[in-house]
Amino acid sequence: MQRDCDQRDRWGQSAHNLGLLRTRLKQGLGLPARELDATLRIYCGMDQGRGPAVLVTGGAGYIGAHTAKALHSRGYTPVVYDNLSSGFRAAVQWGPLVEGDVADEERLVGVIGAHRVQAVIHFAGLIEVGRSVANPDLFWQVNVAATCSLLTAMRRCGVGRLVFSSSAAVYGQGGRGPMETIAEDAEKAPASPYGDTKHAAEWMIAAQCRAYGLTAVALRYFNAAGADPGGAIGEAHEPETHLIPLAISAALGDGKPLTVFGQDFDTPDGTCLRDYIHVTDLAAAHLAAVEAPFAPGVFEPLNLGTGHGRSVLEVVKAVERVAGRPARYSIGPRREGDPPSLVANPARAEKLLGWRAAHSSLDEIVADAMRWERGPRYGAGARQFRVRPRPSEVA
Ligand code: UFG
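Here is a short report on the structure shown in this document. (Residues numbered from 1 in each chain as written. Predicted model: local features only at pLDDT ≥ 70, side-chain atom pairs only at ≥ 80, totals over all residues.)

**Some details on the sheet that holds strand 12 (residues 310-311)**
Here comes step 1: One open sheet holds the three strands; their spatial order is 12-9-14, and the pairing between them is mixed. Edge positions in the sheet fall to strand 12 and strand 14 (341-342), since each has one partner strand and no second.
Here comes step 2: Bridging between strand 9 (residues 273-274) and strand 12 involves two bridges; their strand directions are antiparallel. Across the sheet, residue Arg274 finds its bridge partner in strand 12, namely Arg310. (Pairing = 2+ DSSP bridges. Helix = DSSP H or I, 4+ residues; strand = E, 2+ residues; numbered from the N terminus.)

Below is the structure:
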């Protein structure tokens, strides 16, 4: 195939140079400080005053913004490519923002060439399970067809490394018992068109790895939660449907009480079990996936979770503990498409990426999420809660 821009093998070359550098450092390089610094910059491709560029599609969104921050802190230049349909301009703080749609292959080719992009992390996509049930065609267009455009643009430019934002939704409940953890080779039985499209996009990417030598990692997130401990970025969905922000709102805000969706599941307290993983742990895993020494042609799907399931009521209790006040909730009927239990077996990611969740205790997740929710910098009217008085403060 005729290449439209030449990024060929640059990533492989950088990785090779880094390997050489590590060896030389281990052997005791013995260079004067200034010379060592210059050598490091050349070896790492930072000789133009900035690190290698990584295209982050959907980088104005929740997990994308946290990953852009992690990339920047490691010396990369995150080039955020986002149509701002659900992301926030204010979340892009660590590199340039290019407004564009992933379906626009020509624009992607231009951006990859202009920024000398060397790897892509693809977050952009639709995530609302309920909306996917009502509007499956939209999800196939955005999550599958547009991903195909991105893959073609990468191939035209010779970019050979992709990290894809996938989901535990590819598993559904399948034939699993409620307390069983899920390994990557577990049965795939998506319970929604959202899960179907993530699964289909993985197949498409795997085929391109086999056919064209692309190296790709599909990271299957379990339940992303929490916020950057510094408070600059956090979770902001419109409308918000996720448990932790809604439970915090029920404890702190003057919003609606939480409805717990079902207490008749085959789980210890009857409510659904999920594996909540701190968004900064997810960001670290993306960095590890970008840098992992996988060979050309490898497609590696990896679960990102803690290996521990928490029930909805356990989450509510953690929120009450951290807030120091009760969360108003009632038990309602089940929500359509909710599997009783989704808990990762993260052993493969730990082995291949040298990664492990480090900030994902429920209390740390809730504390960081609550700090953000008390003063979000962007999002639905920067959801400022009018904090209800504690019961002890009421006369
Ligand atoms: N829940 C409630 N009340 C609410 C909201 C949620 O009881 O108001 C319950 C749900 O029934 C579920 C749990 O809280 O048992 C977590 O629900 P979330 O909506 O926070 O998250 P989901 O597990 O439905 O989905 C998330 C992502 C999906 C991803 C999935 C993978 O939103 O994109 O995790 O585990 F596919």
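Read on for the rest.
**A short note on the packing of helix 6 (residues 136-157) against helix 7 (residues 193-212)**
Here comes step 1: Contact pair helix 6 / helix 7: the axes reach a minimum separation of 9 Å and the direction vectors enclose 20°. When the interaxial angle is binned, helix 6 and helix 7 end up roughly parallel. When the axes of helix 6 and helix 7 are compared, the crossing they make is right-handed. For the pair helix 6 and helix 7, contact is made by Pro136, Phe139, Trp140, Asn143, Val144, Thr147, Cys148, Leu151 and Arg155 and by Pro193, Tyr194, Thr197, Lys198, Ala200, Ala201, Met204, Ile205, Gln208 and Tyr212, respectively.
Here comes step 2: Here the residues of the contact of helix 6 with helix 7 are counted per class, giving 13 nonpolar, four polar and two charged. (Axes fitted to C-alpha atoms, helices over the stretch in contact; angles between N-to-C directions. Parallel < 35°, antiparallel > 145°, perpendicular 65-115°, else oblique. Left-handed = near helix turned anticlockwise from the far one by under 90°. Contact = placed C-beta atoms within 7 Å. Nonpolar A, V, L, I, M, F, W, Y, C, P; charged D, E, K, R; others polar.)

**A few points about the site of the ligand**
Here comes step 1: Taken together, 20 residues lie around the ligand, and Ala169, His242, Leu243, Phe261 and Cys272 are the ones closest in.
Here comes step 2: Broken down by element, the residue count for the shell around the ligand peaks at four residues, all from strand 8 (residues 258-261).
Here comes step 3: Partitioned by chemical class, the residues of the shell around the ligand number twelve nonpolar, five polar and three charged. (Near = placed C-beta within 6 Å.)

**Regarding the pairing of strand 2 (residues 77-82)**
Here comes step 1: The buried fraction of strand 2 amounts to six of the six residues, a majority that puts the element mostly inside the structure.
Here comes step 2: The alternating pattern of strand 2 places Thr77, Val79 and Tyr81 on one face and Pro78, Val80 and Asp82 on the opposite face, and all of these are buried.
Here comes step 3: Bridge analysis of strand 1 (residues 53-57) against strand 2 gives five bridges, and the strand direction is parallel. Across the sheet, the residue bridging to Leu55 is Val79, located in strand 2.
Here comes step 4: Considered for its hand, the β-α-β crossover made up of strand 1, helix 3 (residues 62-73) and strand 2 is right-handed.
Here comes step 5: Bridge count for strand 2 against strand 3 (residues 97-99) is three bridges, and the pairing is parallel. Looking at strand 3, one finds that Val80 is bridged to Leu97. (Buried ≥ 20, exposed ≤ 12 C-beta atoms within 10 Å, placed from the backbone. Right-handed = clockwise from strand over helix to strand, strands pointing away.)

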